[in-house]
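These are the residues of each chain, in order.
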Amino acid sequence: MLTVQVAMSTALGGPVALLEDMVAGPRQRANGIGSVLLRAAIEQCERLGCLRITLLTDADNAQARLFYRRHGFVHSAMAKCAACCERSLALSGRRSKPPCGPGRSDRRPGPLVGWCHVP
């Protein structure tokens, strides 16, 4: 599964995309489904005229960082932190998993790293 949100950027004067979620099971990862999904999302963003695609990864997720680098994403100064995630969780009224990625229910959300791709 992959979700992308498109919005207008006043700074860039056009549409930009935020890759919000990308989830693939271990078997599907081994078959390259992540690359297929990401390439399709990049192509769709290009068709929509997006000026950039941004996303966040957990700072300690080396596998994800390498995956996005292989697909043309570069490190960005954009970043969020655990406090932002905790605030978002508190504002949403949710008491379950924090909104900062899978597997975070057993520990506090960690810092996130920003990535950018220009189609």
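Residues numbered from 1 in each chain as written. Predicted model: local features only at pLDDT ≥ 70, side-chain atom pairs only at ≥ 80, totals over all residues. Heavy atoms only, no water.

1. Section: the overall build of the protein chain
Move 1: The helix and strand tally for the protein chain stands at four helices and five strands.
Move 2: Each helix and strand of the protein chain, ordered N terminal to C terminal, gives the series β-β-α-α-β-α-β-α-β.
Move 3: Burial status across the protein chain gives 33% buried among its 119 residues.
Move 4: Considering only residue pairs separated by 6 or more positions, the protein chain has 65% of its internal contacts joining residues 24 or more positions apart.
Move 5: Accessible area of the protein chain: about 7600 Å², with a carbon and sulfur share of 55%. (Helix = DSSP H or I, 4+ residues; strand = E, 2+ residues; numbered from the N terminus. Buried < 20%, exposed > 50% of the residue type's maximum accessible area, 1.4 Å probe, protein only. Contact = heavy atoms within 4.5 Å. Areas by Shrake-Rupley, 256 points an atom, 1.4 Å probe, with all protein chains shown as cover.)

2. Regarding the nonpolar core
Move 1: Counting residues in each nonpolar core, the largest one holds 14 residues, and the members touching the most others are Leu19, Leu38, Ile53, Leu55, Tyr68 and Phe73.
Move 2: At the level of elements, strand S2 (14–22), helix H2 (33–47), strand S3 (53–58), helix H3 (62–70) and strand S5 (112–117) are the ones that each hand at least two residues to this core. (Core = buried A, V, L, I, M, F, W, Y, C linked by side-chain atoms within 4.5 Å.)

3. Quick notes on the pairing of S5
Move 1: In terms of burial, S5 is a largely internal element, six of the six residues being buried.
Move 2: The alternating pattern of S5 places Leu112, Gly114 and Cys116 and Val113, Trp115 and His117 on opposite faces, both of which are buried.
Move 3: Pairing analysis gives six bridges linking S3 to S5, with the strands arranged antiparallel. Following the sheet pairing, Asp58 is matched in S5 by Leu112.
Move 4: Summarising the sheet, strand S4 (residues 74–76) and S5 pair through three bridges and their orientation is antiparallel. By the bridge assignment for S5, Ser76 is matched with Gly114. (Pairing = 2+ DSSP bridges.)

4. Re the pairing of S3
Move 1: In terms of residue burial, S3 counts as a mostly covered element, since five of its six residues are buried.
Move 2: Bridge count between S2 and S3: two bridges; the pairing is parallel. Bridging from a neighbouring strand, Ala17 pairs with Ile53 of S3.

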